[in-house]
Amino acid sequence: IVVDFRIKPGQTAAFRKLIDENARASVENETGCSRFDVCADRKDPDRILLYEIYDDRAAFDLHVKTPHFAAFNAASAPLVADKTVSEYDLVYVGSAA
């Protein structure tokens, strides 16, 4: 899952606090969430990109039903100007490890 957020000007710090907590809770508390990265655009401070990997569709469906996701979604909605969600299939894992 890739989520591209455009944050309202001046709201990025507040949004980061919320998304960082959501990412931490997702990885720590959801057995089907194996990766949840929060990326900040180097040139646009109001753009945040999420990169999430779930074991399967059921794990992602469970993610969006968790209390921590609901809390994040409600609290962050007023801070977000636009959001695009894209779903991809992982077809190759490149890793240095």
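Now for a look at the structure at hand.

What counts and how
Residues numbered from 1 in each chain as written. Predicted model: local features only at pLDDT ≥ 70, side-chain atom pairs only at ≥ 80, totals over all residues. Heavy atoms only, no water. Helix = DSSP H or I, 4+ residues; strand = E, 2+ residues; numbered from the N terminus. Rg over C-alpha atoms; globule rule 2.2 N^0.38 Å. Buried < 20%, exposed > 50% of the residue type's maximum accessible area, 1.4 Å probe, protein only. Areas by Shrake-Rupley, 256 points an atom, 1.4 Å probe, with all protein chains shown as cover. Lys, Arg positive; Asp, Glu negative; His and termini not counted. Charge placed at Lys NZ, Arg CZ, Asp CG, Glu CD. Pairing = 2+ DSSP bridges. Axes fitted to C-alpha atoms, helices over the stretch in contact; angles between N-to-C directions. Contact = heavy atoms within 4.5 Å. Salt bridge = Lys/Arg side-chain N within 4 Å of Asp/Glu carboxyl O.

### Quick word on the overall build of the protein
- Check the secondary structure of the protein and you find three helices and four strands.
- Along the protein, from the amino end to the carboxyl end, the secondary structure elements read β-α-β-β-α-α-β.
- Its C-alpha atoms give the protein a radius of gyration of 14 Å, within 12% of the compact-globule value 13 Å for 97 residues.
- With respect to the principal axes defined by its C-alpha atoms, the protein has extents near 35 × 30 × 20 Å.
- Across the 97 residues in the protein, those meeting the buried criterion constitute 31%.
- With the model as given, the accessible surface of the protein reaches about 6,400 Å², and the carbon-plus-sulfur share is 54%.
- One way to put it: in the protein the 12 positive side-chain charges average out to a point 5 Å from where the 16 negative ones average out.

### Quick look at the sheet that holds strand β4 (residues 80-86)
- A sheet is described by the order of its strands in space; here four strands give the open sequence β2-β3-β1-β4, paired in antiparallel fashion. Of all the strands in the sheet, just β2 (33-40) and β4 have a single pairing partner and so form its edges. When the angles between neighbouring strand axes are averaged without regard to direction, this sheet yields 15°.
- Sheet topology note: the strand β1 (residues 2-7)/strand β3 (residues 47-54) ladder contains five bridges and is antiparallel. Pairing of Arg6 across the sheet is with Arg47, part of β3.
- Sitting on the sheet, helix α1 (residues 12-29) touches β1, β2, β3 and β4, and the angle it makes with β2 is about 165°.

### Quick look at the pattern of salt bridges
- Following the criterion strictly, the structure yields nine salt bridges and no others.
- Between Arg16 and Asp20 there is a salt bridge, with the nearest N and O atoms lying 2.8 Å from each other. One end of the pair is Arg16 and the other is Asp20, both in helix α1 and four residues apart, which spans about a single turn.
- In this structure, Glu28 engages Arg24 in a salt bridge whose closest nitrogen and oxygen atoms are separated by 2.5 Å. Placement of the pair is Glu28 and Arg24 together in helix α1, with a separation of four residues, close to one helical turn.
- Residue class for Arg24 comes out partly exposed when judged on its relative accessible area of 36%.
- Via salt bridges that share partners, Asp4, Asp41 and Arg47 belong to a single interconnected network.

On their own, these measurements won't tell you what the molecule is for.
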